[in-house]
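Examining the three-dimensional arrangement
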Amino acid sequence: MFTLIETKPVASNHYLLTLHTDNTQSAPGQFINIKANATTDPLIRRPFSIFDHDGSTLTIVVRVVGRGTRLIVNLEPGAIDCIGPFGKGFSIVTGKKALLVGGGVGNAPLYYLAKKLVAAQCQLTYIYGARFESDIFMLDSYQELSHTLIVTTDDGSYGIKGNPVDAAKESVEKNEFDIVYTCGPEIMMKRLSQELSNLPIEASLERYFGCGIGLCSGCAVATKEGYKRACVDGPVFDAHTVLWDTP
Ligand SMILES: Cc1cc2nc3c(=O)[nH]c(=O)nc-3n(C[C@H](O)[C@H](O)[C@H](O)COP(=O)(O)OP(=O)(O)OC[C@H]3O[C@@H](n4cnc5c(N)ncnc54)[C@H](O)[C@@H]3O)c2cc1C
Ligand code: FES
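Only a predicted model underlies this, so the values are computations on that prediction, with no experimental measurement involved. (Residues numbered from 1 in each chain as written. Chains lettered and ligands numbered in written order. Predicted model: local features only at pLDDT ≥ 70, side-chain atom pairs only at ≥ 80, totals over all residues.)

1. Some details on the domain arrangement of the protein chain
Going by this rule: For the purposes of this description, domain bounds are those given by an automatic or database domain assignment. A pair of residues counts as a contact when their C-beta atoms, built from backbone coordinates, are within 7 Å of each other. Strands here are runs of E lasting at least two residues and helices are runs of H or I lasting at least four, both read from the DSSP assignment and numbered beginning at the N terminus. Lys, Arg, Asp and Glu make up the charged group, whereas Ala, Val, Leu, Ile, Met, Phe, Trp, Tyr, Cys and Pro make up the nonpolar group; the residues left over, Gly among them, are polar.
Structurally, the protein chain comprises domain 1 (2–86), domain 2 (97–202) and domain 3 (205–247). When each unit is reduced to the centre of its C-alpha atoms, the spacing between domain 1 and domain 2 is 23 Å. On the domain 2 side, the residues contacting the 14 residues of domain 1 number 13 residues. Those elements that place two or more of their residues in the side of domain 1 that touches domain 2 are strand S1 (2–11), strand S5 (52–54) and strand S6 (57–63). A class-by-class count of the residues in the side of domain 1 that touches domain 2 yields 7 nonpolar, 5 polar and 2 charged.

Next comes the structure, spelled out in C-alpha cells:
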C-alpha cells in the first residue's frame, strides 16, 4: 500500500513525490506503476523509476509530459493507486570506480544507484546532462555522493555546453573506470555504448508500458539474445547486448 505524503517542485516541470510504503525492499533501477486517477482515462498506469527509498519512504521525480503525469503531480496527499517496485535494477558492485551518466529525468534512478554504490565503497564520477539549467533537479544531492560531478547543458546555461556523452568520453580518456551506468534518452545511451565499447555498461531503457507486469509484450527490447520485455527482464540491460537500431 502506498500513501502520497507530499509533492513539491524541484525544477521546471519536474516534481518530487514523497510516498509512504509498506514495502521496504527495492533495488535502484526498479520502477513503481501509478494509476493517475480512478477513471478509465487514462486507463494505463504510468511507470516511474525510484529516485530514493529509505525504509518506508520512497520518492520519485516526475517530469510532466502529458495528461497522466499532469494528473499525478496534482494528486492530493492520501491513498494513491500504486503498485511495485517492479523490474530488474542495476547491479551493485563493491569497491570499484564507476562512471554514472544521466540525461534529463533519467538522472532520477541514478541518484538511488549512487547512494547504494557509495555505501558499497565505490568512487563515483557523475555526469549530469540536462537541456537547460531550469531542468536540473537537486544537484546538491548528486554532488554529495560524487567524487567528481560534471554538469552539461545543451545550451550552456549551466556547466559545460555540450552533451553528456562527450563529457563521458573525455572522462574515460583521463581516468580508469570499472563500470558505467546510464539512464536517459535512448539516443544518448546508444552513443555511449558505441563510444565506450570497451567498458561494461548497464543502461535503463524506457518503453511504453501496457501491463507493466510481463503479460502484453508491449515493451519489447531487441537484444542479441532475442526480444526481451523491459518491464520484467529490464528496464536495466547490458547496453552492449541491446540492438539499438532494431525497433
Ligand atoms: C521504466 C520506466 C521508468 C520511468 N521513470 C520515469 C521517471 O523516473 N520520471 C519521469 O518523469 N518519467 C519516467 N518515465 C516516463 C513516464 O512513464 C512517462 O513520461 C509517462 O508515462 C507519460 O505519461 P503521460 O500520460 O503524462 O504522457 P502521454 O500523454 O502518454 O505522452 C506525452 C508525451 O510523452 C511521450 N511519452 C510518454 N511515455 C513515454 C515513454 N514511456 N517513452 C517515451 N516517450 C513517452 C509521448 O510520446 C508523448 O509525446 C519512465 C518510463 C519507464 C518505462
Ligand atoms: S508492459 Fe506488458 S509485457 Fe511489459
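2. Focus: helix H2 (residues 107–119)
As a reminder of what qualifies: To estimate the expected span of a helix, subtract one from its residue number and multiply by 1.5 Å. Three exposure classes are used. Buried residues have 20 or more other C-beta atoms within 10 Å of their own C-beta, exposed residues have 12 or fewer, and partly exposed residues fall in between, all C-beta atoms being placed from the backbone.
Relative to the 18 Å expected for 13 residues at 1.5 Å per residue, H2 spans 19 Å between its end C-alpha atoms, a close match to the ideal helical length. Buried within H2 are the following residues: Asn-107, Ala-108, Pro-109, Leu-110, Tyr-111, Tyr-112, Leu-113, Ala-114 and Leu-117. Among the residues trailing H2, Gln-121 stands out with phi positive, at a value near 60 degrees.

3. With respect to the site of ligand 1
Under the convention used in this document: In this entry, near means the residue's backbone-placed C-beta atom lies within 6 Å of the molecule or strand.
In the vicinity of ligand 1 lie 22 residues, with Arg-46, Arg-63, Gly-66, Gly-68 and Thr-69 positioned nearest. Taken together, the elements giving at least two residues each to the shell around ligand 1 come down to strand S4 (46–49), S6 and helix H1 (67–73).

4. Examining the sheet that holds strand S13 (residues 179–183)
The strands making up a sheet associate through hydrogen bonds between their backbones, and the pairing can be parallel or antiparallel. Threshold: Any two strands are treated as partners once DSSP identifies two or more bridges connecting them. Interaxial angle, 0 to 180 degrees, is taken between N-to-C directions of lines fitted to C-alpha atoms, where a helix line uses only the stretch in contact.
The strand order S12-S11-S10-S9-S13-S14-S17 describes an open sheet built from 7 strands, whose pairing is mixed. Pairing within the sheet leaves two strands with one partner each, and these edge strands are strand S12 (160–161) and strand S17 (236–238). Of the strand pairs in this sheet, strand S11 (residues 148–153) and S12 are connected by 2 bridges, and their pairing is parallel. Bridging across to S12, Thr-153 finds its partner in Lys-161. Sheet contacts for helix H5 (residues 186–195): strand S9 (97–103), S13 and strand S14 (201–204); angle to S14, the most-contacted strand, approximately 170 degrees.

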